[in-house]
Amino acid sequence: MRYLFRFLSNNYFLFLFIFLELICIYLISNNNRYYNSGLVNASNEFTSRIYKTENNILKYFSLGRVNDSLINENIKLQQLLARNFIDHKMVLKSVIDTSNNELEQIYTLMQAKVINNTTDKAKNFIYLDKGSKDGIHKNMGVYNDKGIVGITIDVSHNYTVVMSVLNTDSRIGVKLTKDNYFGNLTWDTKSSRFATLSQIPNHVKVNKGDTIMTSGYSSFFPADIMVGTVDAWQEISGSNLLELKIKLSTDFGNLNYLYIVNHMQKNEIKALEQVVNEPAEH
Amino acid sequence: MNRQNIKYIGHFFLIVGIQVLVLNHININGLVNPYLYPLLIVLLPLNIRPYALLLIAFFTGITIDAFEHSYGMHASVLVLVAFLRPLLFKILNPKEQENDHLMDMYYHGTTWFVVYISTIVFLHHLVYFVVEKGNFSAYHYTLTKTIISAIFSVLCMMMYLLFASNKSSTKYN
């Protein structure tokens, strides 16, 4: 026993090195399950505060461009207001039944500003300047007027970390708009403007320029949010599936203000999923 | 808490600040990724206690990781480089005078220092880009990225040292 201790203390440099490396390997391999722990939240709060300060200084350089895009988007949204439409069918009816108009809001929106963003790593994250005190939780979809951006993964009191679509762990349910065939959107780290969609059967006729939108099958995003357009496709050898190369409609180099969408019935869906995924007991 | 430690903490904050606010945004063509923080390991005195070397490396790595949400990556590479530093000294054979102060490496003489810093930076970048990629495929790209980033990093470090040290040209040569 004493010999062992002497051996350890003589070579403590090597053993300390191995011990620290094991801690690092544990941190790296557990990155997926490490989200939302207390230590990560505290460090996110601290680093995000520094990013927010930097952003407060640098945001003045992009004011003109952001203003222009906001005005354009306002115009598009104003045009969608119901008062700008006339329903021809209603004009022809003699009796108009408006007593059953029950609109229940399923998705609520919040807005946040990007204070840090990367596009060049294998796993890219976006930092936002709103946090749990503004009503943001984990697992909410994030998008902007051009397309989807990612999903919130870490929320501290004042700041949020979003896992970008440009992240090897990202999986978003999307569909081919014209045919409704659906699959998961993933990223292969090759370019910040293209992502990959697999799981489309190879009998589907795909054309360059076909739009891809969110499918609404997961509780992160509502359906029909723009994702991108088809750029190329090839058959996956050895299966009857196509692999589509999707040109993303979002410009990830230029993110400013983002919408965060909350699915009001998310907990109910999650509870249902857990019941389905548990092994059946007979 | 003598003057050397306080100076080192000052360097730590300054270098981490520059790295996080400026250099992490630089990514030209996907190939140029300058990293300034290996300088913190380069500058540590020669006869620092070995456990302090490893712990400082680990702590620096974790700090840089916190800003990139990549816990463990920079830390693991920096600890490896810190572990290999004594081995490197055996090979490179620095002169024996006055090795217990912070910037003594820098004051040793330019050629030796450039060789020393380039080796550490190249080793660090090579291991980091391989770990970041995760596998050895596309090794041409990774190797090119290592060499170009290492050149830029060494340039950034030399510029930082020019401004942050008070090497007077008459005292040492």
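Everything below is about the structure printed above this text.
Residues numbered from 1 in each chain as written. Chains lettered and ligands numbered in written order. Predicted model: local features only at pLDDT ≥ 70, side-chain atom pairs only at ≥ 80, totals over all residues. Heavy atoms only, no water.

Asker: Please provide a residue-by-residue account of the overall build of chain A, values included.
Answerer: Helix and strand counts for chain A stand at 6 helices and 12 strands. Expressed as a percentage of the 282 residues in chain A, the buried residues total 39%. Partitioning the intrachain contacts of chain A with sequence separation of at least 6 by distance along the chain shows that 61% fall at a separation of at least 24. In the structure as shown, chain A presents an accessible area of about 17100 Å², 56% of it carried by carbon and sulfur atoms. (Helix = DSSP H or I, 4+ residues; strand = E, 2+ residues; numbered from the N terminus. Buried < 20%, exposed > 50% of the residue type's maximum accessible area, 1.4 Å probe, protein only. Contact = heavy atoms within 4.5 Å. Areas by Shrake-Rupley, 256 points an atom, 1.4 Å probe, with all protein chains shown as cover.)

Asker: How would you summarise the pattern of salt bridges if you had to cite specific residues and measurements?
Answerer: On inspection of all chains with the given rule, the structure shows 11 salt bridges over all chains. Taking the shortest distance from any N to any O, the salt bridge between K121(A) and D120(A) comes out at 3.7 Å. Under the relative-accessibility criterion, K121(A) is labelled buried at 11%. As a salt-bridge pair, E68(B) and K121(A) come within 3.9 Å of each other at their nearest N and O atoms. One end of the pair, E68(B), is in helix α3 (residues 50-68); the other, K121(A), is in the loop between β1 (107-117) and β2 (123-128), on a second chain. Taken together, the shared-partner salt bridges connect D120(A), K121(A) and E68(B) into one network. (Salt bridge = Lys/Arg side-chain N within 4 Å of Asp/Glu carboxyl O.)

Asker: Describe the sheet that holds strand β4 (residues 148-155) of chain A, naming the residues involved and giving the relevant values.
Answerer: Pairing is antiparallel around the closed barrel formed by 6 strands, whose spatial order is β1-β2-β5-β4-β3-β12 (chain A). The sheet shows a mean angle of 45 degrees between the axes of neighbouring strands, taken without regard to direction. (Pairing = 2+ DSSP bridges. Axes fitted to C-alpha atoms, helices over the stretch in contact; angles between N-to-C directions.)

Asker: Give a detailed account of the packing of aromatic side chains, specifying residues and quantitative values.
Answerer: Scanning the entire structure with this criterion turns up 15 aromatic pairs over all chains. Look at Y51(A) and F67(B): their rings are 5.9 Å apart centre to centre, the planes differ by 85 degrees, and that puts the pair in the edge-to-face class. Taken together, the positions of Y51(A) in helix α3 (residues 38-58) and F67(B) in helix α3 put the pair across two chains. A relative accessible area of 2% means that Y51(A) is categorised as buried. Within the aromatic cluster, the residues linked to one another by ring pairs are Y35(B), Y37(B), Y128(B) and F129(B). Directly above the aromatic system of Y257(A) lies the positively charged group of K113(A), at a separation of 5.3 Å from the ring centroid. Geometry around F194(A) places K245(A) over its ring, the cationic atom sitting 4.4 Å from the centre. (Phe/Tyr/Trp six-rings, centres within 6.5 Å; stacked < 30°, edge-to-face > 60°. Lys NZ or Arg CZ within 6 Å of the ring centre and 35° of its normal.)

Asker: Go over the nonpolar core, please, and point to the residues and values.
Answerer: Core analysis: the largest hydrophobic core is formed by 59 residues, its most contacted members being L39(B), L54(B), Y116(B) and I117(B). With 10 residues, helix α4 (residues 73-92) of chain B is the largest single contributor of residues to this core. Setting aside chain neighbours within four positions, we find L54(B) in contact with F13(A), L16(A), F17(A), L20(A), V79(B), A82(B) and F83(B). If you look at the next biggest cluster of nonpolar residues, it comprises 41 residues, including I136(A), V155(A), V174(A) and L185(A). (Core = buried A, V, L, I, M, F, W, Y, C linked by side-chain atoms within 4.5 Å.)

Asker: Quick one: what's the story with the interface of chain A and chain B, residue by residue and with numbers?
Answerer: If you look at the interface, chain A gives 30 residues, while chain B gives 26 residues. On the chain A side of the interface with chain B, the three residues burying the most area are F13(A), F17(A) and L20(A), jointly 22% of the side's total. Seen at the junction of chain A and chain B, the total is 1 salt bridge. Scanning the region where chain A abuts chain B turns up 3 residue pairs in polar contact (both at pLDDT 80 or more). Of all the elements in the fold, those that place two or more residues in the side of chain A that touches chain B are α2 (12-29), α3, β2 and β4 of chain A. For the side of chain A that touches chain B, the leading source of residues is α2(A), giving 11 residues. A breakdown of the residues in the side of chain A that touches chain B according to their chemical character gives 20 nonpolar, 5 polar and 5 charged. (Buried area = accessible area lost by both parts, 1.4 Å probe. Polar contact = N/O pair within 3.5 Å; in protein donor to acceptor, adjacent residues only side chain to side chain. Nonpolar A, V, L, I, M, F, W, Y, C, P; charged D, E, K, R; others polar.)

Asker: I'd like a description of a nonpolar patch on the surface, backed by residues and values.
Answerer: Residues and elements named next belong to chain A. Together, M1, L4, F5, F7, L8, L14, F15, I18, L22 and I25 give the surface a local cluster of nonpolar side chains, amounting to about 950 Å² of exposed area. Of all the elements in the fold, those that place two or more residues in the nonpolar patch are α1 (2-10) and α2. Here the nonpolar patch gets 5 residues from one element, more than from any other, and that element is α2. Mapped onto the secondary structure, F5 falls in helix α1. (Patch = residues over 30% accessible without salt bridge, like charges linked within 9 Å, V, L, I, M, F, W, Y side chains within 5 Å.)

Asker: Requested: an account of the environment of A138(B), with residues and values cited.
Answerer: Residues and elements named next belong to chain B. Within the secondary structure, A138 is located in the loop between α6 (110-133) and α7 (139-164). Owing to a relative accessible area of 44%, A138 belongs among the partly exposed residues under this scheme. Between the alpha carbons of A138 and L44 there is a distance of 35 Å; along the sequence they are 94 residues apart.

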